[in-house]
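# Examination of the molecular architecture
These are the residues of each chain, in order.
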2 protein chains.
Amino acid sequence: MSDFKVIEIKKNVLEDNEREADALRGELKERGTFLLNLMSSPGSGKTTTLLRTIEALREEMKIGVMEADIDSDVDAEAVAEAGVKAVQIHTGGMCHLDADMTRQGIESLGTEDVELAVLENVGNLVCPAEFDTGAVKNAMILSVPEGDDKPLKYPLMFSVCDVLLINKIDVLPYFDFDIEACSARAKNLNPDIRIIPICARTGEGMEAWYEWLRSQVKQWNE
Amino acid sequence: MSDFKVIEIKKNVLEDNEREADALRGELKERGTFLLNLMSSPGSGKTTTLLRTIEALREEMKIGVMEADIDSDVDAEAVAEAGVKAVQIHTGGMCHLDADMTRQGIESLGTEDVELAVLENVGNLVCPAEFDTGAVKNAMILSVPEGDDKPLKYPLMFSVCDVLLINKIDVLPYFDFDIEACSARAKNLNPDIRIIPICARTGEGMEAWYEWLRSQVKQWNE
């Protein structure tokens, strides 16, 4: 009766998730589908960036989108109107997606005719950083109004991302945001992170982002 | 051997937390300390709003601040420099504070000479909304660059807050943000929510916020 077992819930959860994420990535490789996990704070411009990206790339590659949201359908509607396949994932209050939820989204979306699948994660800089979704690459958006100190405050998010889009650079004159300082802070956490300043609304800087995405999708299918 | 028990972890966690939050509120009432829980997305201006509020009210009432952050100490340093008692709470990766963590913060801060205690929660619109911290009132900041659709996407946060500060109104000309539409969406979720447009940087609208805070602290001590 004195025998007992300590259950490390969080550690187990994360390890299980990592296994599931690796399995999903393996299947996506076989199917020739590149999955991008797009993360940011609420209101950083994930949906606007995505809509503009769809507009620019939909003639070149088949795109599918999974919109994760606590509750609403507004983003999935906007994406469907842009003329690509879209599914809405309601997380039911959950603050992030894990690999299992992403798999459900992928199955519902279907991959037969999808070369680039984008997961728009829940707007949150904390929890989504902890859970590997099974995506091939992670992208994050930080918008100018949020401040250049964010890498100091949400280090894990900046550490797990392959590319950082600094959005809303059109309003740089009205905010105290130092792109150099922000980039140095991000690179200090993650020396390999690619940093691209953009304005999704006006289109400024977006060509560099499309180029990055094109080369990633191509590489994945080689 | 066929007898088994279903453990509803999340429900139990939330119920336990509610009990702890009520107990903490009871103790704060006895000690004459008003606790405000301040929430927002990353970069909405919690710290700037707080610093300006401290500057305006510190001659009138004794203020203490708890800064919750995943990892850094930058906000607590700024608050301590403003000349009030401050403690930093490192959540160790957690995306919100619960009543027990808040109690630890309160004990470390000490309440003997604190009439207004402010908890600056983790920058996140999802998880902090689910956990009652034991605060007397909840305040949230939504900044103009985040967009007026946020009540649709993070309904619980808008539902649990007593006051909504719409911050960064100085940049309204550069963003597509409709204060009326945003207010209607927030009131639809929470008819009693008080909405105050402000610019913490310039001070615009802040007097109405101070007045709300003054009356709340006074009421709590009656």
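The structure under discussion appears in the preceding block.
Residues numbered from 1 in each chain as written. Chains lettered and ligands numbered in written order. Predicted model: local features only at pLDDT ≥ 70, side-chain atom pairs only at ≥ 80, totals over all residues. Heavy atoms only, no water.

### Things to note about helix α8 (residues 206-220) of chain B
All names here are of chain B. Between the first and last C-alpha of α8 there are 21 Å, a value that for 15 residues agrees with the 21 Å anticipated at 1.5 Å per step. Looking at α8, one finds that the buried residues are M206, W209, Y210, W212, L213, Q216, V217 and W220. Seen from one end, α8 has its buried residues packed into an arc of 160°, which puts them on one side. (Helix = DSSP H or I, 4+ residues; strand = E, 2+ residues; numbered from the N terminus. Expected span 1.5 Å × (residues − 1). Buried < 20%, exposed > 50% of the residue type's maximum accessible area, 1.4 Å probe, protein only. Arc of directions from axis to C-beta.)

### Concerning the side chain of B:N37
Residues and elements named next belong to chain B. One can find N37 in strand β1 (residues 34-40). The exposure class assigned to N37 is buried, which follows from its relative accessible area of 1%. What N37 contacts, discounting residues up to four positions off in sequence, is L119, N121, T133, A135, K137, N138 and A139. (Contact = heavy atoms within 4.5 Å.)

### Some points on the pattern of salt bridges
Per the counting criterion, the structure on display carries 31 salt bridges over all chains. A salt bridge links A:E107 to A:R31, with the nearest nitrogen and oxygen atoms 3.4 Å apart. Residue A:E107 is located in helix α4 (residues 99-109), and its partner A:R31 is located in helix α1 (residues 9-31); the two are separated by 76 residues in the primary sequence. Classification of A:E107 as partly exposed rests on a relative accessible area of 44%. A salt bridge links B:R214 to B:E60; its shortest N-O distance comes to 2.8 Å. Note that B:R214 is positioned in helix α8 and B:E60 in the loop between α2 (46-57) and β2 (63-69), a separation of 154 residues in sequence. The exposure class assigned to B:R214 is partly exposed, which follows from its relative accessible area of 22%. A cluster of three or more residues bridged by salt bridges with shared partners is formed by A:E27, A:R31, A:R103 and A:E107. (Salt bridge = Lys/Arg side-chain N within 4 Å of Asp/Glu carboxyl O.)

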